[in-house]
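Listed below, chain by chain, are the residues.
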Amino acid sequence: MVKHKAYLRSTRRLFIKHLLRLLSISAIFIVTVSLISGLGDVEGDIKKSINASYQEDVLHDLTIRGPSIELANIKEALEGEQKIEEIDKIETYYTFDTRVEEGSNFANRAVFRDLSNQTIDKLELLEGNWPKNENEVVVERSTKDIKERKIGDVINVMINPDFLPFPTMINNVKVVGVVKNPTMVILRNEPSDYYQDEDNRYINEVVYFDSSKYTSPFLYATVSALNISIKNRTIFDSFNEAYRDKIDVIKGRIEEIAKSVHATNYQIVTLNECYSLVSLDMYAEKVGTLAMIFIIFFILIAILVIYSTMSRLLDEERSSMAVLKTLGYSNLAISARYIAYVIVAGLVGVAISVFPSRLVSGLILNAFNIQYAMKEISLPVVGNYFFMLSGAIVLLSTILTFIKSMRTANYKPIELLTPRAPKPGKRVLIERIKPFWKRLSFKYKSTFRNVFFFKGRLAMTILSIMSATVLVFASFGLLNNANVMEGFESLRIITIMLLAFSAALCALVIYNITNINISERTREIATLMVLGYRNNEVTGYVYREIYILTAIGAILGLPAGVGFLVFVFDYIGVFELSNVEWWSYLVSPILTFVFALLATRLLHMKIVKTDMNESLKVLE
Amino acid sequence: MSFLELKNVVKEYKSGEGICRALNNVNFTSESKEFVVVLGPSGAGKTTLLNLLGGMDTVTGGEIILDHKKISRFNKKQLTELRRHHIGFVFQFYNLMPNLTALENVELATEINRDALNPMKILSLVGLKNRASHFPAQLSGGEQQRVSIARAIAKNPKMLLCDEPTGALDYKTGKMILRLLYDISKKKKKLVIVVTHNQALKQMADRVIEIKNGEIIKNYQNRHIKPIEDIEW
C-alpha cells in the first residue's frame with residue numbers, strides 16, 4: 001500500500017515535471033492527426049458525393065445519340081422482345097449545341113426533355129418553376145462559363161447545329177426557372193457534345209424546353225438521344241472497375257441490338273465518359289494519391305519525433321527507474337508509467353484533433369467546390385479515417401515506447417544510476433586536427449562533442465529536422481506547380497494547407513528538440529550559472545547545438561526534398577520539378593532556421609530562469 | 001574590517017500562504033586563508049547560507065561584505081560577475097561537464113575569468129596531470145572532485161565554497177580531498193568555507209560555525225587544530 005502510494009506520487013511528478021514535453025507531444029499529435037485524417041477523408045467524401053448524385057439524381061449509365069428514327073427503333077427493340085434485363089429506364093430527349101457565332105469557342109445548348117416526368121439525370125430546380133407551356137423554359141444555373149439568366153428574361157433561342165440543314169429560331173421564350181443538371185458539375189470548360197473533336201468548345205448556355213408541352217414537329221424529324229439507366233444501381237461506386245465492366249457489357253449488347261435493327265449512325269456514350277463527373281473523380285483520386293503520400297510521410301515523422309522524445313525522456317528517467325527497481329517494481333510496472341505518459345499525450349492530442357481534422361477536409365472540399373458543384377452530402381462529425389489513422393499513430397508510439405522502456409528497465413539499478421557517457425578515449429573526428437581544436441573555446445568543443453558523440457540521438461534529431469524541411473519544401477514545390485496550372489484554384493488552396501501544416505510540424509519538431517535539450521541540460525546550465533556565466537553565454541551553450549543541428553538538417557532537407565518531390569510527381573503523374581521556383585529552394589531551409597530562432601527565443605526564459613540550486617541537488 | 005562579514009543576515013522564503021525564515025540574524029566574520037567549517041543537520045539553513053555567500057541568492061535583510069564590497073546589495077548582473085571572478089564553488093556531486101575532459105572542465109572556469117591561473121598547473125597541483133585528457137566518466141569519484149576543486153581554484157577566487165565536498169566519496173578519498181582543500185587555504189591564502197553535517201570535521205577547522213534552525217548556535221575559533229589524517233569518524 002505504502003509502496004503504491006510512492007509509485008503513484010512519483011508518477012504524478014513525472015507528468016508534472018515533463019508537462020511541457022507532454023504538451024508538445026500532444027501538439028505533434030494534433031497537427032499530424034488533424035492533417036492526415038482530414039486529407040485522408042477528402043477522396044472518400046468526394047466519391048461519396050458522386051455516389052449520392054448517382055443514386056439520388058439517377059444519373060444515366062449510357063446515352064445513345066443519333067438520328068431519331070434509328071433511336072426509335074433501338075428503343076422499341078430494347079423495350080420489346082430484345083429487352084436487356086439489366087436496363088431499368090429509357091428516356092428520350094433532344095439536344096442541340098449551336099456555336100454562339102462563327103469562330104467562337106462557345107456553344108449554346110437547347111434541350112427538349114419531358115420535364116414533368118423526369119426519371120434519369122433529374123434536374124434540380126434551384127429557383128422559379130417548371131415550364132407550363134411551350135413558351136416557357138428553364139435555364140442551367142450560371143457558372144464561370146455559363147452566362148446568367150434571370151427569371152422573367154425573355155430570350156430568343158437559335159438552333160443551328162452542324163447536322164441540321166437549316167437553322168431554327170425559337171423566339172420570345174420566357175425563363176421561368178433555374179436548374180442544375182447533375183451531370184454538369186464542372187464550373188468551367190464544360191465541353192460541348194458535338195464538337196468534341198474540336199478543341200476548346202465549351203457550353204455557354206443551356207435552355208431546357210419541356211418536350212411534353214412542345215408540339216412543333218421539327219423535333220421528331222431530327223436527332224435525339226436516349227438516356228438509359230440500369231437496375232442494379234448499388235454496383236456503382238464512383239466509377240469503380242466492376243461498374244465500368246458491367247456498362248461495357250451492356251454497351252456491347254446494345255450494339256448487337258442496334259445492328260439487328262439496322263442502325264448505323266448512332267453513338268453510345270457511357271457515364272464513364274461524362275467529362276464533368278469523371279474529371280471530378282480523377283481529380284479526387286489524384287488528390288487522394290497525393291494525400292496518401294503525405295499521410296505516410298507525416299506519420300513517419302510524427303512517430304520518429306515522438307519516439308526520440310520518449311527515448312530521451314527515458315534516458316533522463318534512468319535514476320527514477322533505478323529507485324523503482326530497488327523498491328521491487330517489475331519492469332512492466334516501471335514501463336507502465338511511460339506508456340501512460342505517451343498514451344495520455346496521444347489521447348489529449350487525438351481528442352483535440354476531432355474538430356480541426358473535419359475543418360481540414362471541409363476546407364479542401366470547399367476548395368473543390370470552387371471548380372466543381374458537388375452534390376452536398378452530410379458528413380459525419382468524425383471522419384472515416386480519423387479513428388484508423390489516429391489509432392495507428394497512438395498505437396505505434398505506444399509500442400515503440402514500450403519496447404524502449406522495457407529495454408531500459410531491464411538494466412540493473414547500478415547501471416541505470418551511472419549516467420550514459422561517451423566511451424573512454426572516444427574523440428570526435430575534428431579533434432584530430434589539433435591546431436584547429438586547440439583554438440576552439442570550450443563552448444565549441446562541448447558543442448561538437450554533444451553533436452557528434454551520441455550518434456543515435458544525433459541521427460534522430462537531424463533526421464527529424466530534415467524530414468520537416470522536406471515537407472516544407474515539398475509543399476512549396478506543389479504550390480509552385482499549382483500556380484502554373486490554370487483554373488486549379490482549388491489545388492492552390494490544398495497545397496497552402498499542406499504548407500501550413502508542414503510548417504507547423506516543422507516548428508513543433510524544432511521546439512520540441514530545443515525543449516528537450518534544455519531539460520536534459522538543466523544541471524549543466526545551473527552549473528554554468530554558478531560558475532558565473534552570463535545569460536547569453538549560458539543560452540549560447542544550448543542554442544549553438546540547436547543551430548548547428550538545424551543547419552545540417554535544413555541543408556540536407558533540400559536534396560532529400562527534391563528526391564521526395566521527384567517521387568511524388570512521378571507517382572501522381574502530374575507536375576514537374578522545373579516548375580519549382582528558385583526561391584522555394586531558399587525559403588524552405590530559411591524557414592526551418594527561423595523556426596529554430598523562434599523556438600530558442602520562446603524558451604529563452606526557461607533557460608535564464610533555471611534555478612541555480614539544480615546544481616546542488618542530489619543526483620536522483 | 002574582516003575579509004568576510006555577515007551582519008544580521010535574514011533570509012525568508014515564501015512557503016504556501018506563509019513565510020518561512022531559513023536564516024535568522026546570522027552574524028559572523030572570517031579572514032582570508034581561514035578554513036571555516038559550517039556544521040549543522042540537514043534543513044538547518046546551511047545551503048541557504050552557502051547560496052547567499054556565493055551570490056546565488058539575495059538576502060531578505062542584513063548585510064554581507066566580502067573584501068570591502070557589500071555583495072548583499074548587488075543586483076543580478078553584479079552577482080553573476082561576482083561568481084565569475086571571485087567565487088570558487090565545489091559541489092557535492094562535482095558537476096563536471098560530461099563531454100569535456102578534465103583539463104577542459106578547468107578551462108571552463110578560466111576562460112571567462114580575468115585573472116585565472118594556468119589550468120594545467122592547477123591540475124598538476126591537485127595531482128591530475130596525467131589525467132588531464134580524461135573525461136569525467138573515466139575518472140573515479142575522488143578524481144572528479146579534484147577536477148572540480150581545480151576548476152574552483154583556477155579562477156583565483158577570493159573565497160572557495162564547498163558544499164559537502166566529501167559527501168559522495170569514500171572515507172579515504174574524502175580525507176584526501178579535505179587535505180587538499182586545507183592546503184589550498186594555507187598555501188594559496190584563500191578563505192575556504194566547507195559546509196557539512198560531519199561533526200568530526202570541526203577538529204580540523206580554524207573556525208567552526210554551527211547552525212540549527214536558521215540560527216548560529218556556536219561560532220568559535222579552534223585552538224587545537226588536528227591534521228585531517230588524525231581525525232577519525
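Residues numbered from 1 in each chain as written. Chains lettered and ligands numbered in written order. Predicted model: local features only at pLDDT ≥ 70, side-chain atom pairs only at ≥ 80, totals over all residues. Heavy atoms only, no water.

Novice: How should I be thinking about the overall build of chain B in this particular structure?
Specialist: Helix and strand counts for chain B stand at six helices and ten strands. The C-alpha atoms of chain B give 17 Å as radius of gyration, which agrees with the globular expectation for 233 residues (17 Å, within 12%). Counting only C-alpha atoms and orienting by the principal axes, one finds that chain B spans roughly 50 × 40 × 40 Å. The buried share of chain B, reckoned over its 233 residues, is 59%. Here the contacts in chain B between residues at least 6 apart in sequence split such that 70% fall between residues at least 24 apart. Accessible surface computed for chain B: about 9800 Å², of which carbon and sulfur atoms make up 48%. Positive and negative charge centroids in chain B, built from 35 and 24 side chains respectively, lie 3 Å apart. (Helix = DSSP H or I, 4+ residues; strand = E, 2+ residues; numbered from the N terminus. Rg over C-alpha atoms; globule rule 2.2 N^0.38 Å. Buried < 20%, exposed > 50% of the residue type's maximum accessible area, 1.4 Å probe, protein only. Contact = heavy atoms within 4.5 Å. Areas by Shrake-Rupley, 256 points an atom, 1.4 Å probe, with all protein chains shown as cover. Lys, Arg positive; Asp, Glu negative; His and termini not counted. Charge placed at Lys NZ, Arg CZ, Asp CG, Glu CD.)

Novice: Help me out: how do you make sense of the overall build of chain A in this one?
Specialist: Along its length, chain A carries 17 helices and ten strands. Computed over C-alpha atoms, the radius of gyration of chain A comes to 34 Å, more than 25% over the 25 Å expected from 2.2 N^0.38 for 620 residues, which places it beyond the range of a compact globule. If you line up chain A on its principal axes, its C-alpha atoms span 105 × 55 × 45 Å. A total of 620 residues make up chain A; the buried ones form 55% of that total. Nonlocal contacts in chain A, meaning residues at least 24 apart in sequence, comprise 82% of its contacts between residues at least 6 apart. In the form shown here, chain A has an accessible surface area of approximately 27200 Å², with 60% of it arising from carbon and sulfur atoms. When the 67 basic and 62 acidic side-chain charges of chain A are each reduced to a single mean position, those positions are 21 Å apart.

Novice: For this particular structure, what's the right way to read the pattern of salt bridges?
Specialist: Two side chains bearing opposite charge may form a pair once their charged atoms approach each other closely. Residue and element names in this part refer to chain A. This structure, assessed with the given rule, holds 37 salt bridges over all chains. Glu86 is the partner of Arg253 in a salt bridge, and the nearest nitrogen-oxygen pair spans 3.4 Å. Highlighted residues: Arg253 in helix α4 (residues 241-260) and Glu86 in the loop between α3 (68-79) and β2 (87-99), separated in sequence by 167 residues. Within the structure, one salt-bridge network assembled from shared partners comprises Asp41, Asp45, Lys48 and Arg358. (Salt bridge = Lys/Arg side-chain N within 4 Å of Asp/Glu carboxyl O.)

Novice: Could you clarify how one ought to interpret the interface of chain B and chain A in this entry?
Specialist: Buried accessible area, meaning the area lost when the parts come together, often serves as the stated size of an interface. On the side of chain A, 34 residues touch chain B, which itself brings 28 residues to the contact. It is Phe93(B), Met97(B) and Asn99(B) in chain B that bury the most area against chain A; as a group they hold 20% of the surface buried on that side. Applying the counting rule to chain B against chain A returns two salt bridges. The closest approach of N and O atoms between Arg84(B) and Glu537(A), which form a salt bridge, is 2.6 Å. Here the side of chain B that touches chain A gets four residues from one element, more than from any other, and that element is helix α2 (residues 76-86) of chain B. (Buried area = accessible area lost by both parts, 1.4 Å probe.)

Novice: I keep staring at the sheet that holds strand β6 (residues 87-90) of chain B and nothing clicks. Help me out?
Specialist: Note on sheets: strands pair through backbone hydrogen bonds, and any given pair is parallel or antiparallel. Residues and elements named next belong to chain B. Spatially, the six strands line up as an open sheet ordered β6-β7-β8-β3-β9-β10, and their pairing is mixed. Edge strands, defined here as strands with exactly one partner in the open sheet, are β6 and β10 (215-221). Averaged over all neighbouring strand pairs, the angle between strand axes comes to 15°, with direction disregarded. As defined by bridge partners, strand β3 (residues 35-39) adjoins strand β9 (residues 207-212) across four bridges and the pair is classed as parallel. (Pairing = 2+ DSSP bridges. Axes fitted to C-alpha atoms, helices over the stretch in contact; angles between N-to-C directions.)

Novice: What am I meant to see in a negative patch on the surface here?
Specialist: There is a patch of like negative charges on the surface, built from Glu241(A), Asp245(A), Asp248(A) and Glu273(A). Its place among the elements puts Glu241(A) in helix α4. (Patch = residues over 30% accessible without salt bridge, like charges linked within 9 Å, V, L, I, M, F, W, Y side chains within 5 Å.)

Novice: Hey, could you run me through helix α6 (residues 171-187) of chain B in this one?
Specialist: Three- or four-residue spacings in an α-helix give side chains the same orientation, since the helix completes a turn every 3.6 residues. Residues and elements named next belong to chain B. With 17 residues, α6 ought to run about 24 Å at 1.5 Å a step, and its terminal C-alpha atoms sit 24 Å apart, in line with that. Every buried residue belonging to α6 is among Thr173, Gly174, Lys175, Ile177, Leu178, Leu180, Leu181, Tyr182, Ile184 and Ser185, and all of these are buried. The elements touched by buried residues of α6 are β3, α4 (119-125), α5 (141-153), β7 (159-163) and β8 (191-196). Where α6 begins, one side-chain oxygen reaches toward the backbone nitrogen of Lys172, 3.2 Å away; that side chain belongs to Asp170. Of the residues trailing α6, Lys189 is marked for its positive phi of about 55°. (Expected span 1.5 Å × (residues − 1). Polar contact = N/O pair within 3.5 Å; in protein donor to acceptor, adjacent residues only side chain to side chain.)

Novice: Can you walk me through the environment of Ala132(B) in this structure?
Specialist: Residues and elements named next belong to chain B. Relative to the elements of secondary structure, Ala132 occurs in the loop between α4 and α5. Take Ala132: its relative accessible area is 9%, and that puts it in the buried class. Sequence spacing of Ala132 and Glu104 is 28 residues, and the spatial spacing of their C-alpha atoms is 8.2 Å.

Novice: Explanation requested: the nonpolar core in the structure shown.
Specialist: The nonpolar side chains of a soluble globular protein tend to be buried, and buried together. In this structure, Ile254(A), Phe294(A), Phe368(A) and Leu4(B) are the most contacted members of the largest nonpolar core, which totals 181 residues. Considering every element that reaches this core, the biggest residue donor is helix α5 (residues 275-316) of chain A, with 22 residues. (Core = buried A, V, L, I, M, F, W, Y, C linked by side-chain atoms within 4.5 Å.)

Novice: Where do I start with the side chain of Glu190(A) in this structure?
Specialist: Residue and element names in this part refer to chain A. Among the secondary structure elements, Glu190 is positioned in the loop between β7 (168-180) and β8 (202-210). The charged side chain of Glu190 is buried without a salt bridge, its nearest counter-charge being Arg109 at 5.7 Å. A distance of 2.5 Å separates a polar atom in the side chain of Glu190 from a polar atom in the side chain of Ser276. In this structure Glu190 touches Asp145, Thr183, Met184, Val185, Arg201, Tyr202, Ile203 and Ser276, once residues within four positions along its chain are discounted.

Novice: I would appreciate a short explanation of the layout of surface pockets in the present structure.
Specialist: To locate leftover empty space, one rolls a probe as large as a water molecule over the atoms. All names here are of chain A. Taken as a whole, the second largest pocket spans an internal volume of roughly 680 Å³. Gln371, Tyr372, Met485, Glu486 and Phe488 are the residues nearest the centre of the second largest pocket, which is lined by 28 residues in total. Every element with two or more residues in the lining of the second largest pocket is listed here: α5, α7 (331-371), α12 (455-484) and α13 (489-520). No other element matches α5, which puts eight residues into the lining of the second largest pocket. Broken down by class, the residue content of the lining of the second largest pocket amounts to 17 nonpolar, five polar and six charged. (1 Å grid on protein atoms, 1.4 Å probe; cavity = no way out; pocket = protein on both sides within 12 Å on 5 of 7 lines; lining within 4 Å. Points joined across faces, edges and corners; volume = space filled by probe spheres on them. Nonpolar A, V, L, I, M, F, W, Y, C, P; charged D, E, K, R; others polar.)

Novice: What's the story with the confidence of the model for chain B in this structure? I'm lost.
Specialist: If pLDDT is low for a region, its predicted coordinates should not be looked at in detail. Per-residue pLDDT for chain B has a mean of 90; in total, 100% of the residues score no lower than 70. Across the whole predicted complex the pTM is 0.87, and at the interface the ipTM reaches 0.92. (pLDDT = per-residue confidence, 0-100.)

Novice: How should a positive patch on the surface be read in this particular structure?
Specialist: Among the surface-exposed residues, Lys5(A), Arg9(A), Arg12(A) and Arg13(A) lie close enough to one another that they form a single positively charged patch. With respect to the element layout, Arg12(A) can be found in helix α1 (residues 2-17).

Novice: Any chance you could explain the packing of aromatic side chains here in plain terms?
Specialist: Any aromatic ring pair is given by two values, namely how distant the centres are and how the planes are angled relative to each other. All names here are of chain A. If you walk through the whole model with that rule in mind, you get 26 aromatic pairs over all chains. Ring centres of Tyr543 and Tyr547 lie 6.0 Å apart, and the angle between their planes is 50°; on these two criteria the pair is classed as tilted. You can see Tyr543 and its partner Tyr547 sitting in helix α15 (residues 535-572), four residues apart, about one turn around the helix. Cluster of aromatic residues (ring-pair linked, three or more members): Tyr54, Phe236, Phe239 and Tyr243. Sitting over the face of the ring of Tyr54, Arg233 holds its NZ or CZ atom 4.0 Å from the ring centroid. Taking the ring centre of Tyr411 as reference, the NZ or CZ of Arg318 above it sits at 5.3 Å. (Phe/Tyr/Trp six-rings, centres within 6.5 Å; stacked < 30°, edge-to-face > 60°. Lys NZ or Arg CZ within 6 Å of the ring centre and 35° of its normal.)

Novice: When you look at the packing of α5(A) against α13(A) in this model, what are you seeing that I'm missing?
Specialist: Two packed helices can be described by the angle between their axes and the distance between those axes. Close contact between α5(A) and α13(A) brings their axes to 11 Å; oriented N to C, the two are set at 5°. Taken together, the axes of α5(A) and α13(A) are roughly parallel relative to one another. (Parallel < 35°, antiparallel > 145°, perpendicular 65-115°, else oblique.)

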